[in-house]
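Results of the structural survey
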Amino acid sequence: QVQLVESGGGLVQAGGSLRLSCAASGSIFSSDAMGWYRQAPGNQRELVAAIISGGITNYADSVKGRFTISRDNAKNTVYLQMNSLKPEDTAVYYCNLGRNRRAYWGQGTQVTVSS
């Protein structure tokens, strides 16, 4: 069983930056798919960024050029660096790990961007 704990959320002004972290209770393997999702009130949960084996990354069009996902397997941690934040980035951000056709989720961390 994998447990994920997100941190780093908070309140920031538009144009600011935040760095989210997701720490896993156990080891992260290079074969694990890791991702960040977000859900704003009234909206469905959506993929923000993902990183898979080989360091291949994928981003939602809305965050390309502003957000960067990275992972440190030695520290069992995945990061999401968010720059040039916009009010529409306001949401609860969730960490996700995919392994052996199972998905694991963190409890989420709130990001609020004021205009």
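Everything that follows concerns the structure shown earlier in this document.
The paragraphs below set out a description of the structure included in this document. Keep in mind that what you see is a predicted model, and the values were worked out from it rather than measured.

Read from one edge to the other, the open sheet built from 4 strands follows the order E1-E3-E8-E7, with strand pairing classed as antiparallel. If you trace the sheet from one side to the other, it starts and ends with strand E1 (4-7) and strand E7 (67-72), each paired once. The sheet shows a mean angle of 15 degrees between the axes of neighbouring strands, direction not considered. Two strands pair when backbone bridges link them, and E1 and strand E3 (residues 18-24) are joined in this way by 4 bridges, in the antiparallel orientation.

Time to look at the pattern of salt bridges. Within this structure, the stated rule accounts for 5 salt bridges. A salt bridge links Asp-32 to Arg-99; the nearest nitrogen and oxygen atoms lie 2.7 Å apart. Note that Asp-32 is positioned in the loop between E3 and strand E4 (33-39) and Arg-99 in strand E9 (residues 91-99), a separation of 67 residues in sequence. Accessibility expressed as a relative area gives 16% for Arg-99, which makes it buried.

Reading guide: rules and limits
- Residues numbered from 1 in each chain as written.
- Predicted model: local features only at pLDDT ≥ 70, side-chain atom pairs only at ≥ 80, totals over all residues.
- Heavy atoms only, no water.
- Pairing = 2+ DSSP bridges.
- Helix = DSSP H or I, 4+ residues; strand = E, 2+ residues; numbered from the N terminus.
- Axes fitted to C-alpha atoms, helices over the stretch in contact; angles between N-to-C directions.
- Salt bridge = Lys/Arg side-chain N within 4 Å of Asp/Glu carboxyl O.
- Buried < 20%, exposed > 50% of the residue type's maximum accessible area, 1.4 Å probe, protein only.

Bear in mind that shape data such as this cannot, by itself, settle questions of function.
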